[in-house]
Amino acid sequence: MLDVEVIDDPAAAVVALDPVRARLLAELSEPASAAALAERLVLARQKVNYHLRTLEAHGLVRVAEERRWGGLTERLLVATAASYVVSPGALGEAGTDPARAADRLSARYLVALAARVVREVGDLARRADRTGRRLSTLSIDTEVRFSSAAERAAFAEDLTAAVTALASRYHDPSAPGGRTHRLLVAAHPLPHTDSKET
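First, a word on what this report is: a plain description of the structure on this page. Quick caveat, the model's predicted, so the values are computed rather than measured.

**Observations regarding the overall build of the protein**
A count of helical and extended segments in the protein gives six helices and four strands. Put simply, the protein runs from its N terminus to its C terminus through helices and strands in the order β-α-α-α-α-β-β-β-α-α. Relative to the globule expectation of 16 Å for 198 residues, the C-alpha radius of gyration of the protein, 22 Å, shows a markedly less compact shape. Each of the three principal axes of the protein carries a C-alpha extent, and together these read 70 × 55 × 30 Å. Buried residues in the protein amount to 22% of all 198 residues. Counted over contacts in the protein with a minimum sequence separation of 6, partners at least 24 positions apart contribute 57%. Split by element, the accessible area of the protein, about 14700 Å² in all, is 54% carbon and sulfur. For the protein, the distance from the average site of its 26 positive side-chain charges to the average site of its 26 negative ones is 4 Å.

**Remarks on unusual backbone geometry**
Positive phi values are uncommon outside glycine, yet Val42 reaches one of about 55°. Mapped onto the elements, Val42 comes out in the loop between helix H3 (34-41) and helix H4 (45-57). By relative accessible area, Val42 is classed as exposed at 71%.

**Focus: helix H2 (residues 19-27)**
Those residues of H2 that sit buried are Arg21, Leu24, Leu25 and Glu27. Projected down its long axis, H2 carries its buried residues within an arc of 160°, all on one side. Counted as exposed and oriented over 90 degrees from the buried face of H2: Pro19 and Ala26. Of the residues flanking the start of H2, the one acting as N-cap is Asp18, its side-chain oxygen 3.0 Å from the backbone nitrogen of Val20.

**Concerning the pattern of salt bridges**
If you walk through the whole model with that rule in mind, you get eight salt bridges. Between Arg67 and Glu65 there is a salt bridge whose closest N-O contact spans 3.3 Å. The exposure class of Glu65 is partly exposed, given its relative accessible area of 37%. Between Asp123 and Arg127 there is a salt bridge, with its nearest N and O atoms 2.8 Å apart. Here the residue Asp123 and the residue Arg127 both occupy positions in helix H5 (residues 107-131), the gap between them amounting to four residues, near one helical turn. Take Asp123: its relative accessible area is 27%, and that puts it in the partly exposed class. Arg127 sits in the partly exposed class, given a relative accessible area of 46%. One network of salt bridges, in which partners are shared, links Arg23, Glu27 and Arg40.

**Quick word on H5**
With 25 residues, H5 extends 36 Å from end C-alpha to end C-alpha; this agrees with the ideal 36 Å at 1.5 Å per step. Along H5, the residues that are buried comprise Tyr109, Ala112, Leu113, Ala115, Arg116, Gly122 and Ala128. On its buried side, H5 packs onto strand E1 (2-7). Remark: Gly132 follows H5 within two positions and exhibits a positive phi of approximately 70°.

**Considerations on the pairing of strand E2 (residues 61-69)**
Pairing geometry for E2 and strand E3 (residues 72-79), over eight bridges, is antiparallel. Paired with Val63 across the bridge in E3 is Leu77. The turn joining E2 and E3, which pair antiparallel and follow one another in sequence, is formed by two residues; a positive phi near 65° is taken by Gly70.

**Quick look at the side chain of Ser33**
Inspection of the secondary structure puts Ser33 in the loop between H2 and H3. One polar contact links Ser33 to Glu74, side chain to side chain, over a distance of 3.4 Å. Residues in contact with Ser33, not counting those within four places in the same chain, are Glu74, Arg75 and Leu76.

**Overview of a nonpolar patch on the surface**
Together, Val144, Phe146, Phe155, Leu159, Leu183 and Val185 make up an exposed nonpolar region whose accessible area comes to about 500 Å². Note on placement: Leu183 falls in the segment after helix H6 (149-170).

Here is what the cut-offs are and how they apply
Residues numbered from 1 in each chain as written. Predicted model: local features only at pLDDT ≥ 70, side-chain atom pairs only at ≥ 80, totals over all residues. Heavy atoms only, no water. Helix = DSSP H or I, 4+ residues; strand = E, 2+ residues; numbered from the N terminus. Rg over C-alpha atoms; globule rule 2.2 N^0.38 Å. Buried < 20%, exposed > 50% of the residue type's maximum accessible area, 1.4 Å probe, protein only. Contact = heavy atoms within 4.5 Å. Areas by Shrake-Rupley, 256 points an atom, 1.4 Å probe, with all protein chains shown as cover. Lys, Arg positive; Asp, Glu negative; His and termini not counted. Charge placed at Lys NZ, Arg CZ, Asp CG, Glu CD. Arc of directions from axis to C-beta. Polar contact = N/O pair within 3.5 Å; in protein donor to acceptor, adjacent residues only side chain to side chain. Salt bridge = Lys/Arg side-chain N within 4 Å of Asp/Glu carboxyl O. Expected span 1.5 Å × (residues − 1). Pairing = 2+ DSSP bridges. Patch = residues over 30% accessible without salt bridge, like charges linked within 9 Å, V, L, I, M, F, W, Y side chains within 5 Å.

Note that every value here comes from positions in space, so none of it alone points to a role or purpose.
Below is the structure:
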């Protein structure tokens, strides 16, 4: 089972976003039969079977085990991933594109950049899985609390200078066998529930 699967097929996205099917996907982190799921979700087994067949047809669940009981076969299904993300690629031309953003300092531009990461890395991960190779990536995630807007601006200047220096040192556009990587540095305020903090 994958940790995260990126859904880029529009039909699969529609299937996964159905509330009953989304609940079934969440329940199928461990193999289960239609009968067990129907009991857990208090739904008719026929309805659960219908939704499971739809999920299976779109590659979101798979058979984990088959058990024979006399002349009957019970199928235990499991989700293909622990969680799912819908790629903006599923929206086709309507999907977000950073190149169409007018304000490059806006929150919406940051969302468009993050969506591009989902689309590109999801596609690369799928290709790597098909070939049995590992996709090399780098992620850094941390939190920084600034005492003032001036400190935040100074941090942004220092970070920009550091990234520019590193990119200048390591970027080699003519390296034989080299591969270009996309570097995205982003910062945003953390969502909070404490009304005292702004």
